[in-house]
Amino acid sequence: MARLKLGVQISGRGSNLQSLIDACRDPGFPAEIVLAVSNVPGAQGLKRAEEAGIPTRVIPHKDFPSREAFDAALNEAHQNAGVDLVCNAGFMRLMTPVMVRPWLGRMINIHPSLLPAFPGIHVHRQVLAAGCLFTGCTVHYMDEGMDTGAIIAQAAVPVLPGDTEDTLGGRVLSFEHKIYPFAVRRIAEGKVRYMEGKAVHEDAPLPALAGLANPAV
Ligand code: GRF
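All of the points below concern the structure found in this document. (Residues numbered from 1 in each chain as written. Predicted model: local features only at pLDDT ≥ 70, side-chain atom pairs only at ≥ 80, totals over all residues. Heavy atoms only, no water.)

Quick look at the overall build of the chain
Tallying secondary structure elements over the chain gives six helices and 10 strands in all. Partitioning the contacts of the chain with sequence separation of at least 6, the portion at a separation of at least 24 is 62%. Approximately 10,200 Å² of the chain is accessible, and the part contributed by carbon and sulfur atoms is 57%. The average position of the 20 basic charges and that of the 21 acidic charges among the side chains of the chain differ by 2 Å. (Helix = DSSP H or I, 4+ residues; strand = E, 2+ residues; numbered from the N terminus. Contact = heavy atoms within 4.5 Å. Areas by Shrake-Rupley, 256 points an atom, 1.4 Å probe, with all protein chains shown as cover. Lys, Arg positive; Asp, Glu negative; His and termini not counted. Charge placed at Lys NZ, Arg CZ, Asp CG, Glu CD.)

In structure tokens:
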């Protein structure tokens, strides 16, 4: 079976990229990474891709006169690499319709909250300030909003007494590393697909994870 070709976009550390790299090492995983793109030269994630033998592109947003021109370069890079699915993994740029429209239903993102709660940045700080007892992470299709778009997979993660942004962020991140490959697998296997702004799930179990108990992940 042909593997789904992933283009991963990063800006920094790249631990979610690493989780996809690790998943793709298994020959039974139905996807492979054909390109890693960073808007930040020297981002740690680029090194992870290089070490895994994945082609990388640095496309610094500062080199472009407008967001649209930058997005056109992103689009071209993925088209040229034969990408089927763009995976944003800590990519810290808002994208315009120039990038979003051609990839509608073929571009996903991971966010460290249970969307639609807490979009944007400083998520764990907001979760703690709000006194939430649960938080989590979400993989979603990307549309033109910020952290909006149909939900593909979620994991619920408890907030524990004494949590700081760091401890909570670390706990959520460990679940991000599980649901991102899980979501990509489901897309590659056709178990979830994008239709008219919605994610259509073909089968049970639904792609949600509570604690570590879901054997499907
Ligand atoms: C993750 O928390 C992700 O959900 C958010 O940015 C962070 C990126 O971390 N969008 P990393 O670069 O994948 O380690």
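Digging into the packing of helix 5 (residues 123–130) against helix 6 (residues 165–188)
Relative to each other, helix 5 and helix 6 sit at 115°, their axes nearing to 9 Å. Taken together, helix 5 and helix 6 sit at an angle that is classed as roughly perpendicular. The way helix 5 lies across helix 6 gives a crossing that is right-handed. Two secondary-structure elements touch here, helix 5 through His124, Arg125, Val127 and Leu128 and helix 6 through Glu165, Leu168, Gly169 and Val172. Taken together, the residues of the contact of helix 5 with helix 6 sort by class into four nonpolar, two polar and two charged. (Axes fitted to C-alpha atoms, helices over the stretch in contact; angles between N-to-C directions. Parallel < 35°, antiparallel > 145°, perpendicular 65-115°, else oblique. Left-handed = near helix turned anticlockwise from the far one by under 90°. Nonpolar A, V, L, I, M, F, W, Y, C, P; charged D, E, K, R; others polar.)

Overview of the layout of surface pockets
When its volume is computed, the largest pocket comes out at roughly 960 Å³. Taken together, 38 residues make up the lining of the largest pocket; nearest its centre are Gly90, Phe91, Met92, Ile110 and Pro112. Residue assignment for the lining of the largest pocket shows that the elements contributing at least two residues are helix 1 (15–25), strand 5 (107–111), helix 5 and helix 6. Sorting elements by how many residues they give to the lining of the largest pocket places helix 6 first, with six residues. (1 Å grid on protein atoms, 1.4 Å probe; cavity = no way out; pocket = protein on both sides within 12 Å on 5 of 7 lines; lining within 4 Å. Points joined across faces, edges and corners; volume = space filled by probe spheres on them.)

As for the nonpolar core
Formed by 45 residues in total, the largest nonpolar core has its most connected members in Leu6, Ile33, Cys87, Ile108, Tyr180 and Val184. Ranked by residue count, the leading element in this core is helix 6, at nine residues. Aside from chain neighbours lying at most four places away, what touches Ile108 is Leu85, Val86, Cys87, Asn88, Val139, His140, Tyr141, Met142, Ile152, Tyr180, Val184 and Ile187. Counting 17 residues, the second-largest nonpolar core is a separate cluster that includes Val34, Ala77, Met95 and Met99. (Core = buried A, V, L, I, M, F, W, Y, C linked by side-chain atoms within 4.5 Å. Buried < 20%, exposed > 50% of the residue type's maximum accessible area, 1.4 Å probe, protein only.)

Some thoughts on the environment of Leu20
Within the secondary structure, Leu20 sits in helix 1. Considered as a pair, Leu20 and Leu6 are 14 residues apart in the sequence and their alpha carbons are 9.4 Å apart. Among all residues touching Leu20, those that are not within four sequence positions of it are Val8, Ile33, Cys87, Tyr180, Pro181 and Val184.

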